[in-house]
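# Coordinates in review
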Amino acid sequence: MTVNAMTSKEVTRKVFSKEELFILDVRNESDFQDWKIEGENFKYLNIPYFELLDGVEGIMDKIPSDKEVLVVCAKEGSSIMVAEMLADEGLTVSYLKGGMKAWSEHLEPVKVGDLKEAGEFYQFVRIGKGCLSYMVVSNGEAAIIDATRMTDIYLEFADSIGAKITHVFDTHLHADHISGGRNIAEKTGATYWLPPKDATEVTFAYQPLEDGNLVEIGNVEINIHALYSPGHTIGSTSFIVDEKFLLSGDILFIDSIGRPDLAGLAQDWVEDLRESLYKRYRELSEELLVLPAHFMIIEELNEDGSVSEKLGTLYAKNHGLNIKDENEFRKLVTENLPPQPNAYQEIRETNMGKINPDEEKQREMEIGPNRCAVR
Amino acid sequence: MEKLKANVILDAKGLACPMPIVKTKKTMSGLEAGQVLEVQATDKGSKADIKAWSESTGHQYLGTLEEGEVLRHYIRKSSNDEKIERKHPNVINNSELERKLEASENIVVLDVRETAEYVFNHIPNAISIPLGELEQRSGELDKEKEIYVVCRTGSRSDLAAQKLAEKGFTKVINVIPGMIQWCGKTTTL
């Protein structure tokens, strides 16, 4: 029968709408175990392509004929080969265009709300890796927060809605993905803001982002209010936008909290993390909509694919915000931590401007899930 | 590095997945058991895949050298070494040899595996002479010293020990089973 190419965007829509999909992942077992396409109603079969070189007859009984089938590999070459073999056996199947490489780089813009005056708030969901970045748009101007390295997507999106990017922020020095912030600022002439305590080793000029900074976007009064909230890194800074949205960076997630160990100072930062989550955030309005820089599991997605929750709800439901005993808290965030993100030291050095790997190398450094949280 | 020899070299440079593995599989079928294939590739993913493919097909993945953009993978075709009956009477097990090495006795360890096997993992100071070259190179060895012959499973070393005995070496001991279960010190490259 036939082989179709399915794009990352189409797969993303299936994740959001909780559709069924049967994924035949033909990468190595270890790669599959480490990181795969997640969907609530997705079923999986992992058989490395190199075990199928002599034919797919042996696995035909494991592939459903009544479900949509997607063959996935690292870049797409092997999935096309296997998809064609399946088609020769009479199945209609798709392969993932660009493979997991494209999946890791796909960003899906989702509108998360309107501003009080004219303006919109967009979340860019990096579905394959769990990174979340943001664009605040008002009156022809836009600010971007925690941009990924796929900078063209933001530039094209801003262009399509007729907005000029004037401010770019990073809530902290990222360790799990390469920031596109500096690149966007260079291309657009926007101001690039970084928390100075995270930027002590950077090799480029930036605008120091400090507690109490107010930034206006568009000529309508939209306040971006910086709130110092250390713990994941020493400089980690949150933003309150338009008195309605709380951008929590890697401090607070929907179902988990930040981990303090990625810069090697877990013990030192535990108290900062606790202070940020249990005191500074406590003083904020429970009505604020929390917009984190990551999601960890697909269940954190809302119906429309966005990732957000009211602060009050998180204080009621997020386990990490409800640990009374300080020692127990210390244990949670310093012991039995998940593995550190792939190449996190090199990623930090790239974000500081100390090393300049080419695009292929950057891609390789970012492979895999983000792992910035503890539950 | 010139010591690292392969029986066949496959050039898969510039090819994207799945082609490096497809070609490796095809080339491998033409090799004789125990021979070493060097696969040159530029696809970064080929390293993990060659290793996993080798393991799933019973071939021995020896290791990968990275030289700039080029990855050189070394694989030894599966052989039935283990099934051959051993004949050399004088044997020692791994842990006994380990103790002798720790006691720094004046002994010689002779590794008769292929150079590609030796390079990626061997006992420190072991002398490398592949079984196939022993006939010509036995003169490099000292007949007065105790020579402990090691390979992967104890079979090639058995043949090597017999060959040395024929040539008048009297203090030759076969190490059993050999590198496959070696827990002592090793070194690489």
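Residues numbered from 1 in each chain as written. Chains lettered and ligands numbered in written order. Predicted model: local features only at pLDDT ≥ 70, side-chain atom pairs only at ≥ 80, totals over all residues.

Of the regular secondary structure elements, chain B holds 6 helices and 9 strands. In terms of overall dimensions, chain B is globule-like: its C-alpha atoms have a radius of gyration of 18 Å, near the 16 Å expected for 189 residues. In terms of principal-axis extent, the alpha carbons of chain B reach across some 55 × 30 × 30 Å. The proportion of buried residues among the 189 residues of chain B is 39%. Across chain B, the fraction of contacts at a sequence separation of at least 24, relative to all contacts at a separation of at least 6, is 68%. (Helix = DSSP H or I, 4+ residues; strand = E, 2+ residues; numbered from the N terminus. Rg over C-alpha atoms; globule rule 2.2 N^0.38 Å. Buried ≥ 20, exposed ≤ 12 C-beta atoms within 10 Å, placed from the backbone. Contact = placed C-beta atoms within 7 Å.)

So, about the overall build of chain A. If you tally the helices and strands in chain A, you get 11 helices and 20 strands. A globule of 375 residues ought to have a C-alpha radius of gyration of about 21 Å, and chain A, at 21 Å, matches this closely. Counting over 375 residues, chain A shows a buried share of 49%. A separation threshold of at least 6 residues defines the contact pool for chain A, and within that pool the share at least 24 residues apart is 63%.

Residue and element names in this part refer to chain B. On the basis of which strands lie adjacent, the open sheet formed by 4 strands has the order β1-β2-β4-β3 and mixed pairing. Here the strands that pair on one side only, and so sit at the sheet edges, are β1 (8-12) and β3 (60-67). Adjacent strand axes in the sheet meet at a mean angle of 20° when their direction is disregarded. Where strand β2 (residues 36-41) meets strand β4 (residues 70-76), 6 bridges bridge the pair, whose relative direction is antiparallel. Opposite Gln 40, over in β4, you have Arg 72 as the bridge partner. Running at roughly 155° to β1, helix α1 (residues 19-29) makes contact with β1 and β2 of the sheet. This element, helix α2 (residues 46-57), spans β2, β3 and β4 of the sheet and lies at about 5° to β4. (Pairing = 2+ DSSP bridges. Axes fitted to C-alpha atoms, helices over the stretch in contact; angles between N-to-C directions.)

Residues and elements named next belong to chain A. When the domains of chain A are assigned, the result is domain 1 (3-103) and domain 2 (108-374). Using C-alpha coordinates to define each centre, domain 1 is positioned 32 Å away from domain 2. Between domain 1 and domain 2, the residue contacts involve 11 residues of the former and 9 residues of the latter. Counting residues per element, the side of domain 1 that touches domain 2 draws most heavily on helix α1 (residues 8-16), at 4 residues. Residues of the side of domain 1 that touches domain 2, tallied by class, amount to 4 nonpolar, 2 polar and 5 charged. (Domains from an automatic or database assignment. Nonpolar A, V, L, I, M, F, W, Y, C, P; charged D, E, K, R; others polar.)

All names here are of chain A. Mapped onto the elements of the fold, Glu 89 is located in the loop between α3 (77-88) and β5 (93-96). For Glu 89 and Val 112, which are 23 residues apart along the polypeptide, the C-alpha to C-alpha distance reads 45 Å. Among all residues touching Glu 89, those that are not within four sequence positions of it are Val 56 and Met 60.

Another point: the nonpolar core. Residues A:Val71, A:Val82, A:Met135, A:Ala142, A:Ile144 and A:Val168 are the most contacted members of the largest nonpolar core, which totals 112 residues. Per element, the largest residue contribution to this core is 6 residues, and it comes from strand β8 (residues 131-138) of chain A. Judged by nonpolar contacts, the second largest core, of 22 residues, contains B:Ile129, B:Val149, B:Ala161 and B:Ile176. (Core = buried A, V, L, I, M, F, W, Y, C linked by C-beta atoms within 7 Å.)

Residue and element names in this part refer to chain A. Within the span of helix α10 (residues 344-351), buried status applies to Tyr 344, Ile 347, Arg 348, Thr 350 and Asn 351. Looking straight down α10, one finds that the buried residues subtend no more than 160° of arc, so they occupy a single side. Considering only its buried residues, α10 is in contact with α11 (359-366). (Arc of directions from axis to C-beta.)

What follows deals with the packing of helix α5 (residues 151-160) of chain A against helix α6 (residues 181-188) of chain A. Residues and elements named next belong to chain A. Where α5 contacts α6, the axes come no closer than 10 Å and their chain directions differ by 45°. Classified by the angle their axes make, α5 and α6 are oblique. Of the two possible hands of crossing, α5 and α6 adopt the one that is right-handed. Taking contact as the criterion, the partners of Thr 151, Tyr 154 and Leu 155 in α5 are, on α6, Asn 183, Ile 184 and Lys 187. (Parallel < 35°, antiparallel > 145°, perpendicular 65-115°, else oblique. Left-handed = near helix turned anticlockwise from the far one by under 90°.)

This paragraph deals with unusual backbone geometry. Backbone torsion omega between B:Cys17 and B:Pro18 reads 10°, so that peptide bond is classified as cis. Among the secondary structure elements, B:Pro18 is positioned in the loop between β1 and α1. For the bond from B:Ile176 to B:Pro177, the omega torsion is 0°, close enough to zero to count as cis. Structurally, B:Pro177 is set in the segment after β9 (172-176). Despite not being glycine, A:Asp242 has its phi angle at roughly 60°, a positive value. With respect to the element layout, A:Asp242 can be found in the loop between β15 (237-241) and β16 (245-249). Phi is positive for B:Asn125, which is not a glycine, with a value near 70°. In this fold, B:Asn125 is placed in the loop between α4 (115-120) and β7 (127-128).

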